[in-house]
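The residues making up each chain are set out below.
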Amino acid sequence: MESVIQTRGLCFSYYPAEKERYALQNVSLSFLQGEMVALVGPNGSGKSTFFKLLAGLLEPTAGSVEVFGKNPKSLKEEGTLGTQIGLVFQNPDNQIVAAVVEEDVAFGPENLNLSSREIKKRVEEALRLTGLWEYRTRATYALSGGQKQRLAIAGALALKPQILLLDEPTSMLDPLGRKEVFELLEKLNREEKLTVIYITHYMDEALRAQRLLAFGQGRLAFDGRPVEFFAQKALVEALQLAPPPLYQLIEKLRAQNLKISDAVTTPELLVGELCQLL
Amino acid sequence: MLNINTIGQYIPGNSLIHRLDPRTKLLSLLITIVLVFILDEPLSLGILALGIITLTITSGIKPKMFWQALRPVVIILMLALFLQLFFTPGEKIWAIGPLTITREGVINSGVVFLRLVVMLLAAYLITATTSPNELTHGLEKLLKPFGKFGLPYGEIALMLTIALRFIPTLTAEAERLIKAQEARGADFNAKGLTNKAKAVLPLIVPLFINAFKRADELAVAMEARGYRIGAPRGKLKPLKFNFVDYLIMLINGLIAVLLIIIKLRGGFPA
Amino acid sequence: MPITLNDVSFLYNPGTTLEVKALNRLNVNFKEGEITGIIGPTGSGKSTLLMLLNGLLKPTAGEVTVDNLSTTNKVNLKAIRQKVQLIFQYPEHQLFAETVWEELAFGPKNFGIEITEQKATLLLEQVGLSEQYLHSSPFELSGGEKRRLAIASVLGISPKYLVLDEPAAALDPLGKETIYNLLFSLKKQGVTVIIVSHNMDEVARLCDKILVLDRGNLIAFGDKNQVFLKLLEKNVQGLSLPVYAEVIKLLRERGFNVDPKFSLEETVAEILKVVQNNAKH
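This text gives an overview of the structure that appears in the document.

## A short note on the overall build of chain C
Then step 1. When its secondary structure is counted, chain C shows ten helices and ten strands.
Then step 2. Taken over the C-alpha trace, chain C has a radius of gyration of 21 Å; the compact-globule value for 281 residues is 19 Å, and the two agree within 12%.
Then step 3. Each principal axis of the C-alpha distribution contributes one length, and for chain C these read about 70 × 50 × 35 Å.
Then step 4. When burial is assessed residue by residue, chain C has 58% of its 281 residues classed as buried.

Pasting the structure below:
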């Protein structure tokens, strides 16, 4: 499988001369096409800095980051970053440019100076993928939080990136919105084979990723499967995190000799397996 | 609820006027305004007014809406008429007490009345039949030729679009902020100028700071979607003139030329 | 009774074509010294209810009283607002002062209370902020710190009742914990706390009582466990349950005889009971 993002000895500091004040130190890893990765860690742990470096919003102090072999910052300056990596941020309102849904999705393709026919095509595809086609002529102001965030994702998808990079996409949403958006991300990863990388503070969302990167004090503290991360209690606590309630329940049940597989990440899946055991 | 369509009195519809290219409507409005100032006798202005009224009827917008739009200016209108009617020197027609109505007065007040009515109706007709987004697109296309002289027409249009999109958002935020500060005991009904100025700080400062934060985040999001200042941009729905647009422009042109010729030849035969 | 709602209804834009009935004939008594959680799907009237509690909104019908003062009577409003402090969602958006101290002093000053440097330091301590910040600009603080400053800025008024809309919204896990601890400590000091929350696990953790709204109607009000029990039986569209209760509910739907529990240990015990019962067959 192809590596889509590669970092080598990636470091960042706002004060490069002071060795102790590095926001991010020495991160070397690759992301492969089709992965769904959760980034977790307390505030100040370096995960946001890592995000910004991947997104071309910061230039590395040392080391390198490459997206499809190219430097994200220069892609951004060319105006083509969005065609490789789609960025989605925390506040749905502050990503919406236009007053009408389809016009907002068109913003990206318009920036690429595509033909009107191609723009229309991409707008329709993106809206259908995100379940917003019926809302295409609605006022963006009238959308719910979940719909607005799906609109932001549609706007990113219209540039046809292979990677989606999201910074706490659900933290300003109500439970219904969170569900809508997260299920959309899972769908895009599963069906469209998009690489989805997201920062989250919700451990139940982290549990549902294939891979988890945990940051602490500017370093990468863990890179592996979410269940393995939550099994390391001391580390989880040191990072001021706690395993999601569901995970704790599964752990206790396993301690009582119930065989529950690692694939269980939602209450529905848990009950499904329990029923099979009985 | 304040949204993009309640600003500028836009009323969605499917009339001929609604379906015209916004540039046609903007240019027609421009021609109308120019004519209004050039023409100075009631008959020509009356013809113009008749034309506008015919158009408003075909737009399907109820007269009630027009009246609501014109209501605020009725006072000014009445005052202007009054002044012209009773205070223009000239050939006396009628007198009541100290007030005299002259022939010139009647003509002048007729001109004033018709000028105001034509301008207001025309402006209202355009904003009622064209969505703010269409107006922005039309304006952008019309300003494009000035791009050669360095006018950032694309940026201006985008700024307008974004401003319009954020009006309801910012309005709601301001309302919430007022409530939050009132809950803390802030009193926005303070008397006295210095008190009022101080009272308004808890509103102004957060609004500005939050607006700047929004702008910052929005700029990052826009750049992430490939926006670069000055770079050429495509359009989802490019504006295209239709046969009807050309027809309307032609009719406008003909009427304008006709009325100007009449004026130059000294007006209508009395 | 400290805060009561007597047959309270509220309509937005009454008498017009845009009329919306936000609350329908609510009868509620909030007891002193408890933490009550108000839950309900989006649009159920939660925010409207909060604004009725401190007189920002007056009921269209019925009466809201705070310590026997009616919110409908203009004369009472100042006194009521001194007792009931309402903190909106993302309160950090209302910060405006030049220094942290000034921000802490603004609210109390409106009620004739002076915040000395000493008092300000105590307030900062109460919310876990360093006294070093006293002369800093509020805007230098981090997101979570700003949130706590906003809360501290009303604590100087010494409200009897503190009402908060989603107090831990969009905070990281540590930030959330800090807010929870703050609310628990306020309860210990005798402050009556009322919160609105979408986070069921948060509500299960913090609250003594729960009030459930659905489309303006009061569905349930009472002890936490009793209300969750009721929600298990009566499904409210758009409202989720704490995770453990969700698991129990799904098991019940499959025909298993399990009782709803809300703590980890009890839920595990319930599930094991089922396993053992079935193993016998």
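There's plenty left to go through after this.
## Thoughts on the overall build of chain B
Then step 1. Within chain B, the regular secondary structure consists of nine helices and two strands.
Then step 2. Going residue by residue from the N terminus, the α and β elements of chain B occur as α-α-α-α-β-β-α-α-α-α-α.
Then step 3. Taking 18 Å as the expected radius of gyration for a compact globule of 270 residues, we find that chain B reaches 24 Å, considerably beyond that expectation.
Then step 4. In chain B, which comprises 270 residues, the proportion classed as buried is 36%.
Then step 5. Entry remark: accessible area of chain B is about 15500 Å², with carbon and sulfur atoms responsible for 72%.
Then step 6. Here chain B contributes 29 positively and 16 negatively charged side chains, and the mean placements of these two sets differ by 3 Å.

## Quick notes on the sheet that holds strand β8 (residues 211-216) of chain A
Residues and elements named next belong to chain A.
Then step 1. What the six strands build is an open sheet, ordered β5-β6-β7-β3-β8-β9; its pairing is mixed. Either end of the sheet is taken by a strand with one partner, and the two such strands are β5 (85-88) and β9 (219-224). Within this sheet the neighbouring strands show an average axis-to-axis angle of 15°, counted without direction.
Then step 2. Contacts between helix α1 (residues 47-54) and the sheet are confined to β3 (36-40), β5, β6 (163-167), β7 (195-199) and β8, with β6 contributing the most and set at about 145° to the helix.
Then step 3. Its contacts with the sheet put helix α5 (residues 145-157) on β5 and β6, and the angle it makes with β5 is roughly 160°.

## A few points about the packing of helix α4 (residues 63-87) of chain B against helix α5 (residues 103-129) of chain B
Residues and elements named next belong to chain B.
Then step 1. At a minimum axis separation of 10 Å, α4 and α5 run at an interaxial angle of 160°. Considering the angle they form, α4 stands roughly antiparallel to α5. α4 and α5 meet at a crossing whose hand is right-handed. Counting all contacts with α4, which are made through M65, F66, A69, L70, V73, L77, A80, L81, Q84 and L85, the residues of α5 involved are G105, V106, N108, S109, V112, F113, L116, L120, L121, Y124 and L125.
Then step 2. Tallied by class, residues from the contact of α4 with α5 come to 17 nonpolar, four polar and no charged.

## Remarks on the pattern of salt bridges
Residues and elements named next belong to chain A.
Then step 1. Enumeration according to the criterion identifies 43 salt bridges over all chains in this entry.
Then step 2. Residues K73 and E59 are paired through a salt bridge, measuring 4.0 Å at the closest nitrogen-oxygen approach. Taken together, the residues K73 in helix α2 (residues 72-78) and E59 in the loop between α1 and β4 (62-67) connect sequence positions 14 residues apart.
Then step 3. What makes K73 partly exposed here is its relative accessible area of 22%.

## Some thoughts on the interface of chain C and chain B
Then step 1. Counting from both sides, the interface comprises 21 residues of chain C and, opposite them, 15 residues of chain B.
Then step 2. Both faces combined, the contact of chain C with chain B buries some 1500 Å², and carbon together with sulfur accounts for 63% of it.
Then step 3. In terms of surface lost to chain B, no three residues of chain C exceed C:H93, C:Q94 and C:F96, which account for 34% of the buried area on that side.
Then step 4. Put simply, chain C and chain B have one salt bridge between them.
Then step 5. Linking chain C with chain B are seven residue pairs in polar contact (both at pLDDT 80 or more).

## A look at the environment of B:L193
Residues and elements named next belong to chain B.
Then step 1. Here L193 lies in helix α8 (residues 193-224).
Then step 2. With relative accessibility at 75%, the residue L193 sits in the exposed group.
Then step 3. Spatially, the C-alpha atom of L193 lies 45 Å from that of F146, the residues being 47 residues apart in sequence.

## Here we look at unusual backbone geometry
Then step 1. Not every positive phi belongs to a glycine, and A:N113 is a case in point at roughly 60°.
Then step 2. With respect to the helices, strands and loops of the structure, A:N113 is situated in the loop between α3 (101-111) and α4 (116-129).
Then step 3. Take A:N113: its relative accessible area is 39%, and that puts it in the partly exposed class.
Then step 4. Of note in the backbone geometry, C:D7 takes a positive phi value of approximately 50° without being a glycine.
Then step 5. When you line up the elements, C:D7 lands in strand β1 (residues 3-12).
Then step 6. The class of C:D7 is partly exposed, set by a relative accessible area of 29%.

## Side note on the interface of chain A and chain B
Then step 1. Contacts between chain A and chain B engage 36 residues on the former and 33 residues on the latter.
Then step 2. Taking both partners together, chain A and chain B bury about 3100 Å²; carbon and sulfur atoms supply 55% of that area.
Then step 3. If you sort the residues of chain A by the area they bury against chain B, A:N94, A:V97 and A:Y141 come out on top, with a joint share of 23%.
Then step 4. Linking chain A with chain B are five salt bridges, by the criterion used here.

## Here we look at the layout of surface pockets
Then step 1. Empty space within the second largest pocket amounts to approximately 780 Å³.
Then step 2. For the second largest pocket, the lining is made up of 33 residues, of which A:E103, B:N133, B:E134, B:H137 and B:K237 are closest to its centre.
Then step 3. Sorting the residues of the lining of the second largest pocket by element identifies α3 of chain A together with α6 (132-143) and α7 (153-183) of chain B as the ones contributing at least two each.
Then step 4. Broken down by element, the lining of the second largest pocket gets its largest block of residues, five residues, from α6(B).
Then step 5. Looking at side-chain class alone, the lining of the second largest pocket contains 14 nonpolar, eight polar and eleven charged residues.

## Remarks on the sheet that holds strand β3 (residues 35-39) of chain C
Residues and elements named next belong to chain C.
Then step 1. The strand order across the open sheet built from six strands is β6-β7-β8-β3-β9-β10, with neighbouring strands paired in mixed fashion. Where the open sheet ends on each side, the last strands, each with one partner, are β6 (84-87) and β10 (217-223). For this sheet, the mean angle separating the axes of adjacent strands, direction not counted, is 15°.
Then step 2. In this sheet, strand β8 (residues 192-196) lies alongside strand β7 (residues 161-165) in parallel orientation, the contact comprising five bridges. Note on β8: the bridge partner recorded for L162 is V193.
Then step 3. Of the strands in this sheet, β3, β9 (209-214) and β10 are in contact with helix α8 (residues 224-233), which crosses β10 at around 135°.

## Some remarks on the pairing of strand β2 (residues 99-102) of chain B
All names here are of chain B.
Then step 1. The pairing of strand β1 (residues 92-96) with β2 spans four bridges and is classified as antiparallel. Counted as the bridge partner of A95 is T100 from β2.
Then step 2. Taken together, β1 and the strand that follows it, β2, pair antiparallel across an intervening segment of two residues, in which G97 is found at a positive phi of about 60°.

## A short note on the nonpolar core
Then step 1. One finds A:L249, A:L270, C:V212, C:F228 and C:L231 to be the most contacted residues of the largest nonpolar core, which totals 76 residues.
Then step 2. The leading source of residues in this core is helix α9 (residues 243-253) of chain C, at seven residues.
Then step 3. Residues in contact with C:V212, not counting those within four places in the same chain, are C:I39, C:N217, C:L218, C:I219, C:A220, C:V227, C:L231 and C:L239.
Then step 4. One finds A:A126, A:L127, A:V181 and B:L236 within the second-largest nonpolar core, a separate group that totals 48 residues.

Thresholds, definitions, all that
Residues numbered from 1 in each chain as written. Chains lettered and ligands numbered in written order. Predicted model: local features only at pLDDT ≥ 70, side-chain atom pairs only at ≥ 80, totals over all residues. Heavy atoms only, no water. Helix = DSSP H or I, 4+ residues; strand = E, 2+ residues; numbered from the N terminus. Rg over C-alpha atoms; globule rule 2.2 N^0.38 Å. Buried < 20%, exposed > 50% of the residue type's maximum accessible area, 1.4 Å probe, protein only. Areas by Shrake-Rupley, 256 points an atom, 1.4 Å probe, with all protein chains shown as cover. Lys, Arg positive; Asp, Glu negative; His and termini not counted. Charge placed at Lys NZ, Arg CZ, Asp CG, Glu CD. Pairing = 2+ DSSP bridges. Axes fitted to C-alpha atoms, helices over the stretch in contact; angles between N-to-C directions. Contact = heavy atoms within 4.5 Å. Parallel < 35°, antiparallel > 145°, perpendicular 65-115°, else oblique. Left-handed = near helix turned anticlockwise from the far one by under 90°. Nonpolar A, V, L, I, M, F, W, Y, C, P; charged D, E, K, R; others polar. Salt bridge = Lys/Arg side-chain N within 4 Å of Asp/Glu carboxyl O. Buried area = accessible area lost by both parts, 1.4 Å probe. Polar contact = N/O pair within 3.5 Å; in protein donor to acceptor, adjacent residues only side chain to side chain. 1 Å grid on protein atoms, 1.4 Å probe; cavity = no way out; pocket = protein on both sides within 12 Å on 5 of 7 lines; lining within 4 Å. Points joined across faces, edges and corners; volume = space filled by probe spheres on them. Core = buried A, V, L, I, M, F, W, Y, C linked by side-chain atoms within 4.5 Å.

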